[in-house]
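This is what each chain is made of:
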Amino acid sequence: MGKSTAALLPATAGLLEDMGKRIELARRRRKITSAQMASRAGMSVVTYRNIERGSSNVTIGAYAAVLQVLQLEQGIGQLAADDPLGRVIQDSELLRGPRRGRKPKLAHPVAESPAGQATHETGLADAVSADDLLDLLQPPK
């Protein structure tokens, strides 16, 4: 028996189902049968049908092979390309300042102001705390 994975949340499972439907439509637009698609993608017809159903039991490599046959593989490069939550977490840690004697890594050059305060290349001192930043990024209530 193969390794099991964590169950998907319903919304995530729905995204896979939607992708499977889009793959099926792309195949049909190209007038390719399921058997032809499976053969061209190097998989069984059963595996291909599971892809069209949006099954989470199919490897991402199999999905990629199907997208390649359909000439839609460039979309794979957009997966996880934008990470808003990760950026908020990273930025909040940077704004809190150094921990244990380490200096934070900043994306922009930092200079000292006449008062000895760190300023970014814009010349503005950091005026927003990490907590303030998190509050600003929360959706309005």
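Note that residues are indexed from 1 along each chain, following the sequence as it is written. Per-residue local features of the predicted model are confined to residues with pLDDT of at least 70, and side-chain atom pairs are confined, for both listing and counting, to 80 or more; whole-chain, interface and lining totals are unaffected and use all residues. Based on all heavy atoms of the structure, the side-chain values leave hydrogens and waters out of the count.

A separate point is the overall build of the chain. Comment: elements are numbered from the N terminus, with helices defined as DSSP H or I runs of at least four residues and strands as E runs of at least two. In terms of regular secondary structure, the chain is built from 6 helices and 2 strands. Its helices and strands in sequence order give the chain the pattern α-α-α-α-α-β-β-α, from N to C terminus. Burial status follows relative accessibility: with a 1.4 Å probe on protein chains alone, a residue under 20% of its type maximum counts as buried, one over 50% as exposed, and anything between as partly exposed. Taking all 141 residues of the chain together, the buried fraction comes to 20%. The contacts of the chain with a sequence gap of at least 6 include a subset with a gap of at least 24, amounting to 45%. For the chain, the accessible surface area stands at approximately 11,100 Å², while carbon and sulfur atoms represent 55% of it. The contact criterion used is simple: two residues touch if any of their non-hydrogen atoms lie within 4.5 Å. To be clear on the numbers: accessible area is Shrake-Rupley with a 1.4 Å probe, and residue cover counts the displayed protein chains and nothing else.

This paragraph deals with the pattern of salt bridges. Salt bridges, as used here, are contacts in which a Lys or Arg side-chain nitrogen is within 4 Å of a carboxyl oxygen on Asp or Glu. Tallied over the full model, the rule gives 3 salt bridges. In this structure, the salt-bridge partner of R27 is E52, at a minimum N-O distance of 2.6 Å. In this pair, R27 is assigned in helix α1 (residues 10-29) and E52 in helix α3 (residues 45-53), connecting sequence segments 25 residues apart. Residue R27 shares its accessibility class with E52, and that shared class is buried.

Moving on, we come to α3. Among the residues making up α3, those that are buried are Y48, I51 and E52. For α3, the buried positions fall inside an angular range of 100° around the axis, keeping them on one side. Counted as exposed and oriented over 90 degrees from the buried face of α3: V46 and R53. Lining the buried residues of α3 we find α1, α2 (34-41) and α4 (60-69). Directly beyond the C-terminal end of α3, a positive phi value near 80° is found at G54. The arc in question is the one spanned by the directions pointing from the helix axis to the C-beta atoms.

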